[in-house]
Amino acid sequence: NALHCIDLCYFLSDSALEKIDMDWIDPIVHKSKRLSYIEFTGTVKGRMKDDSSFMITSLDGEFSDDTIFVSTNSNRWIIQEGAQKIIHLSKTNNFNEEIITFTTEFQSTLTTRLVNDIFEFGTCDLPSYKEACKSHVPFIESSLKKYIEITGVKTNICPIT
């Protein structure tokens, strides 16, 4: 899921990934619910080319809903996916909280909308392959390096989903 969060940082900052730091990943690998794959816990840190930064943490044994914190000089957003709620604090409102509710769209709905946009309008809101590679390749390379470091297995395949 860290890669999805990095993609979100790319989208929000409109800036490519500059650096990724996997030093805070826990020194163990966990079996994934998908056969033959693994998952990491711990923290991934990074910086975008515009100098914005991110920190993504997955706690071992933590099964709570995803919570995303986005912070700028003048705004804070706390996005609670499971509760379908956003808490927004803004400098212009003296950082008084505003609660915004939303409905999580399922992949089937999103795919239908994307396909419709492609066929009907010739447009697609997804990043291009070339754009996605700017964050996906460094993340996969860093994950593979961390996997080899933790397990001692010499491989060119990173068994994450």
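Residues numbered from 1 in each chain as written. Predicted model: local features only at pLDDT ≥ 70, side-chain atom pairs only at ≥ 80, totals over all residues. Heavy atoms only, no water.

Caption draft 1: Fine view of the overall build of the protein. Along its length, the protein carries three helices and nine strands. When the elements of the protein are put in sequence order from the N terminus, they spell out α-β-β-β-β-β-β-β-β-β-α-α. Overall size of the protein, expressed as C-alpha extent along the three principal axes, is 50 × 45 × 30 Å. For the protein, the residues scored as buried account for 29% of the 161 residues in total. Of the contacts made within the protein by residues no fewer than 6 positions apart, 36% connect residues no fewer than 24 positions apart. Accessible area of the protein: about 11,700 Å², with a carbon and sulfur share of 54%. Across the protein, 16 positive and 23 negative side-chain charges occur, with their mean positions spaced 6 Å apart. (Helix = DSSP H or I, 4+ residues; strand = E, 2+ residues; numbered from the N terminus. Buried < 20%, exposed > 50% of the residue type's maximum accessible area, 1.4 Å probe, protein only. Contact = heavy atoms within 4.5 Å. Areas by Shrake-Rupley, 256 points an atom, 1.4 Å probe, with all protein chains shown as cover. Lys, Arg positive; Asp, Glu negative; His and termini not counted. Charge placed at Lys NZ, Arg CZ, Asp CG, Glu CD.)

Caption draft 2: Structural view of the sheet that holds strand β9 (residues 97-101). Pairing is antiparallel in the open sheet, where four strands are placed in the order β6-β7-β8-β9. The outermost strands of the open sheet, each flanked by one partner alone, are β6 (67-71) and β9. Strand-to-strand, the axes of this sheet are offset by a mean angle of 15 degrees, without reference to chain direction. Relative to strand β7 (residues 75-80), β6 runs antiparallel, the two sharing five bridges. Bridge pairing in β7 places F69 opposite I78. (Pairing = 2+ DSSP bridges. Axes fitted to C-alpha atoms, helices over the stretch in contact; angles between N-to-C directions.)

Caption draft 3: Representation of the pattern of salt bridges in the model. Taken as a whole, this structure holds three salt bridges when the rule is applied. R47 is paired through a salt bridge with D51; the nearest N and O atoms lie 3.7 Å apart. By relative accessible area, which is 59% here, D51 ends up exposed. (Salt bridge = Lys/Arg side-chain N within 4 Å of Asp/Glu carboxyl O.)

Caption draft 4: The nonpolar core, seen in detail. Ranked by size, the top nonpolar core spans 20 residues in total, and within it I6, F54 and F139 carry the most contacts. Within the residue set of this core, elements represented by two or more residues are α1 (2-13), β1 (17-25), β4 (42-48), β5 (53-58) and α3 (129-151). (Core = buried A, V, L, I, M, F, W, Y, C linked by side-chain atoms within 4.5 Å.)

Caption draft 5: Spatial organisation of the pairing of β5. Pairing of β4 with β5, which is carried by six bridges, proceeds in the antiparallel orientation. Across the sheet, the residue bridging to T43 is T57, located in β5. Between the end of β4 and the start of β5, which pair antiparallel, lie four residues, with D51 showing a positive phi angle near 80 degrees.

Caption draft 6: Just the pairing of β6, in detail. Across the two faces of β6 the burial differs, with I68 and V70 buried and T67, F69 and S71 not buried at all. Taking the residues between adjacent antiparallel strands as the criterion, β6 and β7 are bridged by three residues.

Caption draft 7: Geometry of the sheet that holds β4. If you walk across this open sheet you meet the three strands as β1-β4-β5, and the pairing is antiparallel. Two strands bound the open sheet, and with one partner strand each, they are β1 and β5. Direction aside, the axes of adjacent strands within the sheet are offset by 15 degrees on average. Relative to β5, α1 is tilted by about 160 degrees, and along the sheet it contacts β1, β4 and β5.

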